[in-house]
Structure formats: structure tokens, C-alpha cells
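Read off the chains here:
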Amino acid sequence: EKGKLWMLQCRNGKRTGVAALKIAIDLVSEGICTKSEALLKVEPTHVEQLLHPTFSPDALKSDAYTKGVVAKGLPGSPGAAVGRIVFTPKQAEDMKANGESVILARETTSPEDVGGMWAAAGIVTARGGMTSHAAVVARGWGKPCVCGCSDIAVSEVNETLTIKGTNEVFKGGDIISVNGATGEVIRGNIEVNTPTLGGGLGILLSWADQEEGVMKVLANADSGPDAMQAADNGAMGIGLCRTEHMFFSPERLSIVRRWIFHTECLDDLDHIKHFQRSDFKDLFVAMNGKDVTIRLLDPPLHEFLPRPEQVHERVAEECGFGTDVKRMLARIDSMHEENPMLGLRGCRLGIVKPEFTQMQVEAIMSAAADFMEESPEAKPHPRIMIPLIGSISEYKNQALIIKSEAERIRSERGIDVPYEIGTMIEVPRAALISDKIAGLIDETDGKPLCTFFSYGTNDLTQMTMGISRDDSNGFIPKYLDLGILLDDPFQTIDEEGVGKLVQHSAALGKSVNPTMSLSVCGEHGGDPKSIAFFDKVGLNYVSCSPYRVPVARLAAAQIRVQTKMAKAKEE
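This report concerns the structure included in the present document. (Residues numbered from 1 in each chain as written. Predicted model: local features only at pLDDT ≥ 70, side-chain atom pairs only at ≥ 80, totals over all residues. Heavy atoms only, no water.)

The subject of this paragraph is the overall build of the protein chain. A tally of regular secondary structure across the protein chain gives 24 helices and 21 strands. Over its C-alpha atoms the protein chain spans a radius of gyration of 25 Å, differing by no more than 12% from the 25 Å that the globule rule assigns to 571 residues. Overall, the C-alpha framework of the protein chain stretches about 90 × 65 × 50 Å when taken along its three principal axes. In the form shown here, the protein chain has an accessible surface area of approximately 25200 Å², with 51% of it arising from carbon and sulfur atoms. The distance from the centre of the 61 positive side-chain charges to the centre of the 77 negative ones in the protein chain is 5 Å. (Helix = DSSP H or I, 4+ residues; strand = E, 2+ residues; numbered from the N terminus. Rg over C-alpha atoms; globule rule 2.2 N^0.38 Å. Areas by Shrake-Rupley, 256 points an atom, 1.4 Å probe, with all protein chains shown as cover. Lys, Arg positive; Asp, Glu negative; His and termini not counted. Charge placed at Lys NZ, Arg CZ, Asp CG, Glu CD.)

Below is the structure:
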């Protein structure tokens, strides 16, 4: 008007991940903004859209979607999937082999379900939280997952999925869609957009990695393919290898079970050592020259055992009981723990059964030596992590076993394999005595026994807040609605409580050993809000599932840019 442009109304323009990425890169190409400024124009959720299948915008607005939502649970792993319902891992594998897309529906998942989980396009569970087995495995594999869906009842026996509020029943073979980003289960077939990655995301993330002082991002990976995926997504190493995930394939699980039932049988321990050695070597090859942090066996042994209703003569025979099903059931019952997550697991298992710690260390060091022997370019760097310690004595017991076994392998092979020993801080007591753990010295050579802390924030949150991570869905959604909690503490770090422990522990560790490496390997490592807190605390890196690495790289860089801009304003 009269030569003036008047802005009468302004609002943020909504745009897809593809559009946000193109706009950011074009603005830099045209000299309108800097690379640092461009990083702030793409949201972490935009990156997720570029990495996972999603429902198309039109589909999300359609009646088929909005009126077809039959249940809602937790958004365990982002992405969208459509498929026929199956209720057992074998059904999933068989139908996948025949070219069918399937959705695996379970009450909850366990290690023996992983074959079916791998075969499924998506996963739905009636129980379990954001750090349940189903959610963690799905995120690691980039598969959509709706977990803790209390709106449904799953019957494996009847092969039905029942919606509790309406009594609508879905049978095996019926088609459903799952939205892992929202936790919704939808009736019928909803149109899915498959992501197409161009070079734009790689360009943007390369700018992110160039930001001065940016926190490094590593990956949680348990196999060669996982590690390769992590490397392709820009991970700077492996921050957590969960060795128990190497036990889940059917042919391996029976060997592990035999050892659990008959620990005096060293042949089974040798078999376990053999396949772990091969798997560790795959990790070192995929991450050559980068840190590979390997956590010794952590979960309670019951996770590897069959449920009583699954025990029959063939299973009994596989587990070394002949056809004596009753004896096997009695043995399982004798191993029952009322609260297994606080029972015989982690370092406690290694202390009670030191031969298992020795076996795992021999497999790790031998794998590294094998790689170095085969290739002059090999530069493996294993970091051996002791889980669930709560006292100095526990840590020292395991650290000395690890060091003795590692030095034995180095001497016998005549190869100077570099290695480090550290611990996962996941028990609150360990966080409170971190200076004493960091200050432990090997009396034989005067060297530190602990060179790194990695914060296992899943268990640390569970133990600090007194909330079961597998059962929290019964009340946390209501807490969020009422404002009692602002965020799910298993998705975003509780800064006032759990975060304070991390901050306190980090300061204690650094006060004794200024070069102490500090990191996070819980699921919070891929959450942008949590990453901002960890950066403020001064941690060296975060580790998350391979498919969250690009999101974490962008989030870490955005924090640096925002900090830099805030300082510039002050000056």
C-alpha cells in the first residue's frame, strides 16, 4: 500500500522433511544463509521422515485412517507398516518367505521372538514400555513398533487380536496398519510412502559434523550388518554392543540354554565363545579404527529360558534333559526370581560364574587379534564394559579378571591388541561413588583400572524413579495428560533427578581422572532434548540405535550452533 509492504498475519510454514532439506541446502547455495544457520532450518523429526516409511499426508487425513484407528499404544519405534496379522515368530518367517508383508502381534516379545521380528514389517505388543525388548530391537532394526498397547488383548492360542473397548476381533491373516510414530493401530490397508534418500541429507549432516566442538554420535550395534548400517549412517564407532543379542538365533539359543542348565559343561561354553568371536570380528571390521564398546552379558538368565508351556520332549532333549520334561520344568522353577531385573544379572553373574566373563573376554581379544593378524590395515579398538556395578569391590573383581584374560591373549598371540576397561553406570549407588571407581589402580603395574563411564540411562531411570520400564504404560500416559510429568522419562531424560545423578557422577569421575571418557548409551542417546542436556553436562558422545544416528548428529550440531549464536549476542 503506497509503496509499503504490510505483513498482516504470519505463521510458521509447515513443510515435509524433503522440503525442509531442499530449502536449507538451496538457501546456502544461493548465499542467503550460512551452513550453520541452515542446520537450524531442519528439525530432527524431518530427518526421521527421510529415514523411515511413513503414511502419506493424504492418507493421514482420510476417513480410512481417522475412522480406522482401533487402538493406541506407545510409539515404540517410528515408521509405518501394513501387513497381515500373525501371532508367532514362525508364522512371520513362513509368510515373509512367501512374499507376504506381516505385522507380528504379541503379548510381549522375548529373545526367542527375534526371527519373527526380523521377518515382520511391523510389531505390536500389548505390554511393555519404550525401553522394552520389542521397542529396543525394533528401533535397532528400523522397524515400526507400537508397544504397551493396553487397548488390545492378544491370544496366541486363539490367534486373535481383540480391541477391548469395542470387542472388535482381528484374526490371523487380517490386514492392519501400524503407525510407529504415533502408536496407532489402524484397521485395513493405509497407503505408505517409502523414503527415497538423495544426496541432500548427506550434505546437511556433513555440515553438522563440521561444527566446532560438536558431540560425537556412536551407535548401539550387536552384529556386523547392524554395524555396517551404523557406519553408513555416520556413526563414529559403537557405543554399546549388547552381547546377549548374539544369542537369540534358534541354533545358538539351544546352546546357551544348555550352558545355563549345565554350567559344568565347558563344551557349550566353547561353542558360545566360537560364535561370539566371529561376531566380534565382524564388528571390528565394520568399525575399523573406531571404538567398539562391548558390554559383557547383562540380562537375567530367565530371558533365555523357554516358558513352561513351551517345554516339550524336543526342547528338553535340546537342553540336555533327554526326554525328561518334568526334570527340566523343575530346573526352570528352581531358577525363578521374584524380581529378576534386580537379581542375578550383569556383573553379579560374572562374579558368581567367572568362567563366563573369561570366555567373553577371550572371544573379544581373540577376534581383535584375528583381524590384526589377517590385515595390516586392521586397527581394532575394543572397550570392555562391565554392567550393573554398584560397589568398588564388584568392579575391581571383574576388571582384574578382564585384564588378566586380555593380557594372557596378548601374550599368547604375540599381538599388541589395544583395549580399555570401563563400566556402565546404571545403579544409582555407582553414580554416587564414581570418583572411587575412577580412582581404582591396578597394584601390579600402577595403571588405572577404569578409563570410561557409559551411562545406561534406561536402568538408571528405572532404579532412580522406581518405575518399571516394562510396566510404565499403565500410568505414564495419564501422568502426561495431567501434567504430573512433562515428558516420558524413558524417552527424555529426567534432568532434575536422573540427570542430576549423571552430572554428579561425571564431575566425580573427571575430578579423579580428567581424561575419563564419558558417554550415554541408553535410549536417551537418540533424543534431541536429552542430547542438549548431555552436551551441557560435558559428555564426550552419545550412542543410539543405527537408525537414530542421523537424527542425533543433527541435534548435536544444532546445540553447538545455538550456543555459538547465544555467545555472539552476548558479545
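Here we take up the state of the cysteines. This model, assessed by the stated rule, comprises 0 disulfides. Of all cysteine sulfurs, the one in Cys-33 lies closest to Cys-10, which takes part in no disulfide; the gap is 19 Å. Judged by its relative accessible area of 60%, Cys-10 is exposed. In this structure Cys-347 is a free cysteine whose sulfur lies 13 Å from that of Cys-450, the closest cysteine sulfur available. (Disulfide = S-S within 2.5 Å. Buried < 20%, exposed > 50% of the residue type's maximum accessible area, 1.4 Å probe, protein only.)

Of all the 6 residues making up strand β18 (residues 420–425), 6 are buried; the element is thus mostly covered by neighbouring parts of the structure. As defined by bridge partners, strand β17 (residues 381–386) adjoins β18 across 4 bridges and the pair is classed as parallel. Its bridge partner being in β18, Ile-384 is matched across the sheet by Ile-421. Taken together, β17, helix α17 (residues 392–413) and β18 constitute a β-α-β crossover, and its handedness is right-handed. Two strands pair when backbone bridges link them, and β18 and strand β19 (residues 452–455) are joined in this way by 3 bridges, in the parallel orientation. Looking across to β19, one finds that Ile-425 is bridged to Tyr-455. (Pairing = 2+ DSSP bridges. Right-handed = clockwise from strand over helix to strand, strands pointing away.)

So, on to the pattern of salt bridges. Scanning the model with the defined rule gives 40 salt bridges in all. Arg-84 is the salt-bridge partner of Glu-100, the closest N and O atoms lying 3.5 Å from each other. Of this pair, Glu-100 sits in the loop between α6 (89–97) and β5 (102–106) while Arg-84 sits in strand β4 (residues 80–86), placing them 16 residues apart in sequence. For Glu-100, a relative accessible area of 33% gives the class partly exposed. The shortest N-O distance in the salt bridge between Glu-156 and Arg-106 comes to 2.8 Å. One end of the pair, Glu-156, is in the loop between β8 (152–155) and β9 (160–163); the other, Arg-106, is in strand β5, and 50 residues separate them in sequence. Look at Glu-156 and you get partly exposed, because its relative accessible area is 37%. Accessibility expressed as a relative area gives 5% for Arg-106, which makes it buried. (Salt bridge = Lys/Arg side-chain N within 4 Å of Asp/Glu carboxyl O.)

This paragraph deals with the sheet that holds strand β12 (residues 184–187). Strand order in the open sheet formed by 8 strands is β2-β12-β11-β4-β5-β6-β7-β3, with mixed pairing between adjacent strands. The open sheet has two free edges, formed respectively by β2 (69–72) and β3 (74–77), since each of these has just one partner strand. For this sheet, the mean angle separating the axes of adjacent strands, direction not counted, is 30°. Across 5 bridges, the pairing between β4 and strand β11 (residues 175–179) is antiparallel. Within the sheet, the bridge partner assigned to Gly-83 lies in β11 and is Ile-176. (Axes fitted to C-alpha atoms, helices over the stretch in contact; angles between N-to-C directions.)

On to the packing of helix α1 (residues 17–29) against helix α9 (residues 199–209). Direction vectors running N to C along α1 and α9 enclose 60°, while the axes themselves pass 10 Å from each other. By the angle class used here, α1 and α9 are oblique. Like other packed secondary-structure pairs, α1 and α9 cross with a definite hand, here left-handed. For the pair α1 and α9, the contacting residues are Leu-21, Ala-24, Ile-25 and Val-28 in the first and Gly-200, Leu-201, Ile-203, Leu-204 and Trp-207 in the second. (Parallel < 35°, antiparallel > 145°, perpendicular 65-115°, else oblique. Left-handed = near helix turned anticlockwise from the far one by under 90°. Contact = heavy atoms within 4.5 Å.)

For the rest of this paragraph, the subject is the side chain of Asp-222. If you trace the backbone, Asp-222 turns up in the loop between β14 (216–220) and α10 (224–232). Judged by relative accessible area, which is 7%, Asp-222 ranks as buried. A polar contact is formed between the side chain of Asp-222 and the backbone nitrogen of Arg-242, at a distance of 2.8 Å. Looking at Asp-222, its side chain comes within polar contact range of the side chain of His-245, at 2.8 Å. Those residues in contact with Asp-222 that lie beyond four places of it in its chain are Leu-240, Cys-241, Arg-242, His-245, Met-246 and Leu-283. (Polar contact = N/O pair within 3.5 Å; in protein donor to acceptor, adjacent residues only side chain to side chain.)

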